[in-house]
Amino acid sequence: MAKDSDNLLPVHAAPAESPLDAPFPSKRMLVNLGPSHPAMHGTVRAVVELDGETIHGMKLDIGFLHRGFEKTCENVTWTQVFPYTDRLNYVSSIMNNVGYAMAVEKLCDLEIPERARYLRVITSELHRICDHLTLVSAMGLELGAMTVLIYGMEARDLIWDRLTELCGARLTSNYARVGGVSRDMPDGWAEKVLRTLDRSAEMADEIDRLLTRNRIVIDRTRGTGVISRADAIDYGFTGPCLRASGEPYDVRKASPYLVYDRLDFEIPVGTNGDNFDRYLMRMEEMKQSDRIVRQCFEQMQPGAIASDDARFVLPPKPEVYGTIEGAMAHFKIIMEGIQVPPGEAYACVEAANGELGFYAVSDGGGRPYKLGVRAPGWNMLMALPQIMEGHMLADLIPTFDTVNMIGGEVEQ
Amino acid sequence: MSTNSDLDLVPAIATRREDALSGLGKMVSQGLGWARKYSLFQYPFVTACCGMEFMAVAAARYDLDRFGAALPRFSPRQADLLMVVGTINVKQAPILKRVYDSMADPKWVVAFGVCASSGGFYDNYATMQGIDRIIPVDVYIPGCPPRPEQVLDGIIMLQQKIQDQRHQLTEGKQPALPAKG
Amino acid sequence: MSQAALQKLKERFPDAVTQTYTGKGGDDVALVKKEAIAEVCRFLKEDPDLLFDMAPYITAADYMGSEPRFDLVYQMYSTRKNHRIRLRVGVPESDPVVASVTPVWKGANWYERYCWDMYGIRFEGHPDPRRLYMYEEFVGHPLRKDYSLRGRQPLMPERTVDEPFRGPGPTGG
């Protein structure tokens, strides 16, 4: 960092008329926004060099949540990796499960049945709504609008209730499996979800009315945290942050996977690349996700929820207890893990934050040889020092919020 | 077994004469215990996924405010309940210890989630196997992440414990200061 | 989908690109020699037919026991042309130094720091060659296959737990 101790003139020095009018000398100050900080979303350490309130340099120190995801995954079976992937982007965990399952299915050359695809899409979009609600609530809280947190948490809790009925867990769902999903919808679940979506759309609407035309929010977020389209692409931004800068890249439209090519939805694209646009992207995407879920319920047909290939998918229980082949297949899959053919594959999904990619390498055994994660939040965090150059310290807070750095995926 | 006596609990039932409280002392202890348990100022040391459940616990449905533990104090000097929410890894450990050491007595520690209690299912080079390896813990709340009802159960258990602990208006002798560094 | 891109790459760099193939699920992969990676990346970004403008996802894999030991993987995407390509660069253990592609894409910065931290592959010309995840006192590169899974290097003295099932407590160890 710069050593200005012998520089007596302040950085915005104008020639002084007389010594009595000369401004006071100032030095740059190093402030440590430490790893345990309410606005640092968990665990990022930012060392900020300040001149008054203006940031003149920022250094990010990460690694305070590194949990050894990749090394752990090399030591467990392919199916046991699913709970670990849940905890990558923990606010929208089904998308991580789906991404990983797609990478393994690419390696195994496995086709999954229709109903499994629809279920994956429905649960992914529900979790996308949860992620955006969390972001908007946290942004509201940190800008001072605590009511927004309460409404957002209530809406999120309602959606989590529905997901608990389906997956068993609110947050870390462990729902997708190689070859499909783990269980089917309970009776009456579709109607309940539609009612929940109505209710959470109402609450999202209330949040919208509280924040979007709010003078304070606009003053703090419009024009702050700007990144240009070219810079955003150069840094590898994806997702709502890239779309806020004007680049309409969405994996669901660019290379459609699962059933996204049959669904009718739009991708919001912003213009300025500032915090306000990023916030608006998320509000609009919640509405689009709502649309997607409703269409899926209309289009979905009854059927199998997992492929019937016994090498990769557990056979149904009547077969396991009734036939020898079923029992043997079940035993082999559980004890040795599914034997994925050797090779490497990269599969990506459009997670709530951007393009979430999984790079899986298999050596033919029951455990991954390597599993790499392309975390979308990483690129945004990398660009943060450049974004914040010349801005005020108070602008760091909404920027950190809208960039949506989730510690779990950035630090794997 | 290590001999860190500050890691052991104060026994709930006094078996030695010098630990026994007089009638007035007992009333004071119960009164102070009542006051302290219903006015917990938490320091949510949030790191990972359990933070989402913490937000849900603090919100309107599973209200933490009705237990008096609503207001988070983001400075360790002002807090008396350190809730370690989420995984603590080896890099974060010194910071956790520093925050714990900065807190003033009386203080309590809640290990929220299995990662804080025992490392969770991350048994690898980066994760510390439970925060009780460096700081004493009063209540462990298991779950990955724990359901909010489980968290509230843990808070109620902690409140019970605080009530049963021995509180005095003045400390007779100073407790041993933790070693520096 | 990106067969044309692979073709063009192979024509332009016939000796640097040792092999191209289409792998599982239609992924197009090119094996590139370590010395030429910076040139190849600049060509991929600037050529008007290819235009891989988005910062790649760079990771590495440790194939311990085979030569070259490390395999640096660059997964690229072009927003203009909507095609993907993967480059694999073999990095031997005896000389784990590769030219950095940070001058080409700013977003390659942390990915290269991650490869250094986890695998020990050094990047020449990187503006900030520090560890990313692990602390500075950490010795070794964790994702290498010869680093043990549970090889913890604690930063501060930890209390040992003698009875893992009963756990610590007033009577447990």
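Whatever comes next refers back to the structure up there.
The structure contained in this document is the topic of the report that follows. Computed from a predicted model, the values in this text were never measured in an experiment.

Now for the nonpolar core. If you look at the biggest cluster of nonpolar residues, it comprises 192 residues, and the most contacted ones within it are A:Phe237, A:Trp378, A:Leu381, C:Leu9, C:Leu72, C:Tyr74 and C:Leu87. Considering each element in turn, this core owes the most residues, 12 residues, to helix H4 (residues 114–143) of chain A. Taken domain by domain, this core gets at least three of its residues from each of domain 1 (2–60) and domain 2 (61–410) of chain A. Sequence-distant contacts of C:Leu87, that is, excluding residues within four places in its chain, are made with C:Leu9, C:Ala30, C:Val32, C:Ile37, C:Val40, C:Cys41, C:Leu44, C:Leu72, C:Val73, C:Tyr74 and C:Met76. One finds B:Leu81, B:Ile141, B:Ile155 and B:Ile162 within the second-largest nonpolar core, a separate group that totals 21 residues.

A few words now on the interface of chain A and chain C. The partner chain C presents 46 residues to the 47 residues of chain A that form the contact. Summed over both sides, the interface of chain A with chain C buries roughly 3900 Å², with 54% coming from carbon and sulfur. Here chain A is connected to chain C by eight salt bridges. In this structure, C:Asp27 engages A:Lys106 in a salt bridge whose closest nitrogen and oxygen atoms are separated by 2.9 Å. At the surface where chain A touches chain C, the tally comes to 28 residue pairs in polar contact (both at pLDDT 80 or more).

Bringing helix H5 (residues 148–164) of chain B into the picture now. Owing to its 3.6 residues per turn, the α-helix brings residues three or four apart onto one side. Residues and elements named next belong to chain B. Helix length check: H5 (17 residues) gives 24 Å between terminal C-alpha atoms against 24 Å at 1.5 Å per residue, within 8%. Pro 148, Val 151, Leu 152, Gly 154, Ile 155, Leu 158, Gln 159, Lys 161, Ile 162 and Gln 163 are the residues of H5 that are buried. Of the surrounding elements, those touching the buried residues of H5 are helix H1 (23–37), helix H2 (50–58), strand S2 (81–85), strand S3 (108–112) and strand S4 (139–141).

What follows is about a nonpolar patch on the surface. Residues and elements named next belong to chain A. Among the surface-exposed residues, Leu 314, Phe 331, Ile 334 and Met 335 lie close enough to one another that they form a single nonpolar patch of about 420 Å² accessible area. Relative to the helices and strands, Met 335 resides in helix H13 (residues 324–336). Relative accessible area serves as the criterion here: at 55%, Met 335 is assigned to the exposed category.

This model, assessed by the stated rule, comprises 27 aromatic pairs over all chains. With a centroid separation of 6.3 Å and an interplanar angle of 10°, the aromatic rings of A:Trp378 and C:Tyr133 are classed as stacked. Of this pair, A:Trp378 sits in helix H14 (residues 376–387) while C:Tyr133 sits in the segment after strand S7 (122–124), which puts the two residues in different chains. The ring of C:Phe43 carries the charged tip of C:Arg12 above its face, separated from the ring centre by 5.3 Å. Taking the ring centre of A:Tyr369 as reference, the NZ or CZ of C:Lys145 above it sits at 3.9 Å.

Parameters at a glance
Starting from 1, residues in each chain are numbered consecutively following that chain's sequence as written. Chain labels run from A onward and ligand labels from 1 onward, assigned in the order the entries are written. This being a predicted model, a pLDDT of at least 70 is required before a residue's local features are given, and a value of 80 or more before pairs of side-chain atoms are given or counted; all residues contribute to the totals for chains, interfaces and linings. With hydrogens and water set aside, each side-chain value is computed from the structure's full complement of heavy atoms. The set of buried Ala, Val, Leu, Ile, Met, Phe, Trp, Tyr and Cys residues whose side-chain atoms join them within 4.5 Å is what this entry labels a nonpolar core. Partly exposed residues are those whose accessible area sits between 20% and 50% of the maximum for their type, while under 20% is buried and over 50% is exposed, using a 1.4 Å probe and protein chains only. Counting from the N terminus, the helices are the DSSP runs of H or I reaching at least four residues and the strands are the DSSP runs of E reaching at least two. All domain edges in this entry derive from an automatic or database-based domain assignment. The contact criterion used is simple: two residues touch if any of their non-hydrogen atoms lie within 4.5 Å. Accessible-area loss on putting two parts together, using a 1.4 Å probe and summing over both, is the definition of buried area adopted here. Here, a salt bridge means any Lys or Arg side-chain nitrogen found within 4 Å of an Asp or Glu carboxyl oxygen. Here a polar contact means two N or O atoms within 3.5 Å. Within protein one must be a hydrogen donor candidate and the other an acceptor candidate, and residues neighboring in sequence count only if both atoms are side-chain atoms. In a helix, the anticipated span is given by 1.5 Å times the number of residues less one. Residues forming no salt bridge and having over 30% relative accessible area are the ones grouped into patches, like charges within 9 Å of each other and nonpolar side chains (Val, Leu, Ile, Met, Phe, Trp, Tyr) within 5 Å. For the accessible areas, the method is Shrake-Rupley and the probe is 1.4 Å, while residue cover comes only from the protein chains on display. Paired rings are identified among Phe, Tyr and Trp, the last through its six-membered ring, by centres lying within 6.5 Å, and are further divided according to the angle between planes into stacked (under 30 degrees), edge-to-face (over 60) and tilted (the rest). Two limits define a charge over a ring: the Lys NZ or Arg CZ must be within 6 Å of the ring centre, and within 35 degrees of the ring normal.

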